[in-house]
Every structure is written in structure tokens, then in C-alpha cells.
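Examining the three-dimensional arrangement
Below, each chain spelled out in residue letters.
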Amino acid sequence: MSAAPACSETDLEHEFDATIAREQRIEPRDWMPEGYRATLIRQIAQHAHSEIIGMQPEGNWLTRAPSLRRKAILMAKVQDEAGHGLYLYSAAETLGADRAELTRRLIAGTQKYSSIFNYPTLTYADVGVIGWLVDGAAICNQVPLCRSSFGPYARAMIRICKEESFHQRQGYELLMTMMRGTDEQRAMVQESVDRWWWPSLMMFGPPDADSPNTARSMAWRVKRNTNDELRQRFVDMTVPQAQALGVTLPDPDLAWNAEREAYDFGVPDWAEFGAVLKGNGPCNVERITNRRTAHEEGAWVREAAVAFAARERKEPTQ
Ligand SMILES: [Fe+2]
Ligand SMILES: [Fe+2]
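Definitions and limits used
- Residues numbered from 1 in each chain as written.
- Chains lettered and ligands numbered in written order.
- Predicted model: local features only at pLDDT ≥ 70, side-chain atom pairs only at ≥ 80, totals over all residues.
- Heavy atoms only, no water.
- Donors = N, O, S within 2.8 Å, 3.2 Å for Na, K, Ca; no water.
- Tetrahedral: all angles 85-135°; square planar, octahedral: opposite > 155°, others 65-115°.
- Salt bridge = Lys/Arg side-chain N within 4 Å of Asp/Glu carboxyl O.
- Helix = DSSP H or I, 4+ residues; strand = E, 2+ residues; numbered from the N terminus.
- Buried < 20%, exposed > 50% of the residue type's maximum accessible area, 1.4 Å probe, protein only.
- Core = buried A, V, L, I, M, F, W, Y, C linked by side-chain atoms within 4.5 Å.
- Contact = heavy atoms within 4.5 Å.
- Polar contact = N/O pair within 3.5 Å; in protein donor to acceptor, adjacent residues only side chain to side chain.
- Phe/Tyr/Trp six-rings, centres within 6.5 Å; stacked < 30°, edge-to-face > 60°.
- Lys NZ or Arg CZ within 6 Å of the ring centre and 35° of its normal.

Okay, the coordination of the iron ion (ligand 1) next. Taken together, Glu51 (OE), Glu81 (OE), His84 (ND1) and Glu164 (OE) make up the full set of protein donors to the iron ion (ligand 1), lying 2.0 to 2.2 Å away. Because the angles between the four donor atoms bound to the iron ion (ligand 1) fall within 85 to 146°, the donor set is best described as irregular. Mapped onto the sequence, the donors of the iron ion (ligand 1) take the spacing E-x29-E-x2-H-x79-E. A separation of 3.4 Å is found between the iron ion (ligand 1) and the iron ion (ligand 2), both of which receive a donor from Glu81.

Those donors, Glu81 (OE), Asp135 (OD), Glu164 (OE) and His167 (ND1), are the protein atoms that reach the iron ion (ligand 2), and they lie 2.0 to 2.2 Å from it. Sequence spacing of the donors to the iron ion (ligand 2): E-x53-D-x28-E-x2-H.

Moving on to the pattern of salt bridges. Tallied over the entire structure, the rule returns 21 salt bridges. Salt-bridge contacts for Glu27 lead to Arg155; the nearest nitrogen and oxygen are separated by 2.8 Å. Of the two residues, Glu27 sits in the loop between helix H1 (9-21) and helix H2 (34-53) while Arg155 sits in helix H7 (residues 151-179), which places them 128 residues apart along the sequence. When its relative accessible area of 13% is taken as the criterion, Glu27 is described as buried. A salt bridge links Arg105 to Glu101, with the shortest nitrogen-to-oxygen separation between them at 3.0 Å. One end of the pair is Arg105 and the other is Glu101, both in helix H5 (residues 99-108) and four residues apart, which spans about a single turn. Judged by its relative accessible area of 31%, Arg105 is partly exposed.

Counting residues in hydrophobic clusters, the biggest one holds 74 residues, and the most contacted among them are Tyr36, Ile44, Trp132 and Phe150. Residue contacts for Trp132: discarding those within four places in its chain leaves Gln168, Gly171, Tyr172, Leu175, Val193, Thr238, Gln241, Ala242, Leu245, Val247 and Leu249.

The subject of this paragraph is the environment of Arg25. Turning to its location among the elements, Arg25 is positioned in the loop between H1 and H2. With relative accessibility at 30%, the residue Arg25 sits in the partly exposed group. A sequence separation of 274 residues divides Arg25 from Ala299, and the C-alpha atoms of the two residues are 37 Å apart. Once residues within four sequence positions are removed from consideration, Arg25 is found in contact with Thr19, Asp30, Cys146, Arg147, Ser148, Ser149, Phe150, Gly151 and Ala154. A distance of 3.2 Å separates the side chain of Arg25 from the backbone oxygen of Cys146, its partner in a polar contact. At a separation of 3.0 Å, a polar atom in the side chain of Arg25 contacts the main-chain carbonyl oxygen of Ser148.

On to the packing of aromatic side chains. Summed over the entire model, instances satisfying the criterion amount to ten aromatic pairs. Judged by centre distance (4.9 Å) and plane angle (80°), the ring pair of Phe16 and Tyr36 falls under edge-to-face. Taken together, the positions of Phe16 in helix H1 and Tyr36 in helix H2 put the pair 20 residues apart, joining distant regions of the chain. Directly above the ring of Trp61 sits Arg64, whose terminal nitrogen or CZ lies 4.1 Å from the centroid. Positioned over the ring face of Trp220 is Arg216, at 4.1 Å from the centre of the ring.

Next comes the structure, spelled out in C-alpha cells:
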């Protein structure tokens, strides 16, 4: 006769569930169900890839910024996104993921990044609109993740959200400046808003009815709000900002609903969303090709870093 093991899988699972119920954090050393680990690795990797690929659309304008001030702001913002990506890859590593493998999957197309970054940046107004709408949507998505149940992810989000709010403000300030300028500048802002509005709404993911993993992620408190809740929050936050700017959001169904105390709005083109996710957006191929080239051209840096680390181990400097 042997006694039951002190720490059976069931005990561990109870402890895990109790930690989540107490609103405490799960840390990398803690036991966790494999599904929880896999869900988090997928979500964090996808988030990290989005930050890194997200440098491309705006990076496109770095050499053509209209003034030194705008260039410095844009440079700081794009560098922040690189930092976010690196933070997040580190958070994924605490779950046992291998960073090189995550990059391999991104380049092979087996791991996704946000569909929004597959649209082109055609004018400098796009830099402002991306800051206002895309970083604005990212903030709506990410603020609740500061309370994600996984400690390293939640803590990374706190810092990232502070930087995202600078991104949103610099975009809005750029647009305000353009709206106070010439008719041509105002038209440029409106044309950009027309192109980015619907893809920004798609950033929250498919409607709840078509998002089968949401319930599981909510129960694990990996996710704190559904896609539709966050999309509504974003619309309600953005409409008054659009009014203050003096731009029109391209949705004839957008109207205040006094009963719901929220804005009603139209349905995004989910067929377009599906096509972009499948790799058929305007810039999917370009984005991945650039990432692959950067990775290949950076091989010598990785080799040098490994050789340097090996030498340091042999001859410690101190
Ligand atoms: Fe970011
Ligand atoms: Fe950002």
C-alpha cells in the first residue's frame, strides 16, 4: 500500500485554479496546465511579432519625416516598438519557448501578427492616424492585460502601456497640427482616416460568436474582456476625439444610442479580415520578406554575440 503522492496533478490543478480565483499571479516556477502554457505562448508570441512587424509601416517614413522634430518623435516611437517586442519575447521565454523558434515560425507564416500591419502607409498623415487609431486600439486591448493572470506578461504590459499612451498622443498631436493647416493637409488626414478606420476595428479580432477560444482565455484570466466589449470601448472613446479633430469616421451607421449609452456602429468587412489573416493583404509578402532578410543579414551579429559570450566564460573580465 502506498500513500497518495503529496502533490498529485489534481492538487496542483486545484492550487492553480485557487490562485487565479484569488486574483493572484501565476509565475513561471508555478505548475500550470499545458493548455494555459500553450495559449499564453501563442498569445505572447503573436503580440511580440506584432510589435516587431509593426515597426515597418511607420519605419517607411523615417527618412522622409517633414521636420527634425517629427523625425525624432517617429524614431523614438519605432524604437519603443522594438523594445516591446524584445520584452515580450523574454516573457514567452519564461514559459519555455525558444526565441529563435518563434522567429522561425513568424518567417514561415505559422505564427500570426496583427492584421493591421499588412496595410500600406501612403502619406505622412498615416503616421498620425496609426498613432491615434492603431496605438489607441492597442491601448484598449492592452490595459486590461496589465491584470492578466500570468505575472511576466502582466508586468511587461504595465510599462508597454505607458509607452503606448505616448504613441497615441504623438499621433493625435500630429493630426491636430495638420488639421490646423491647409485644406490639402486636412484632406490628407481625412483620406488616411478613411483607410485606417475599419482595419482598426478589426484589430480586436472576430466577433465574439466566432471567437471560440475567448471563453477559455477569460476563465484563465489570460484575457479580461471579449473582442466585442473592447471594440465597443474603442468606438466610444474615439468618436469624441474624431469630433474634436474635425474628421468624419467613414461609417454611415455610427450613431449615439441613448438607451445603451454607447455608439452603434456598422459591421467591419470580415471577409477582408479573413483574407488579410490568410496572407492576402496588400503588404503581407513585403512584411515577411523584410523580416526574413533582416534576420538573415543579422546572422553575423548573433554569431559574434555567441562567440563573445563563450570567450567571456573562458576569460572572465574581473
Ligand atoms: Fe507597442
Ligand atoms: Fe505603439
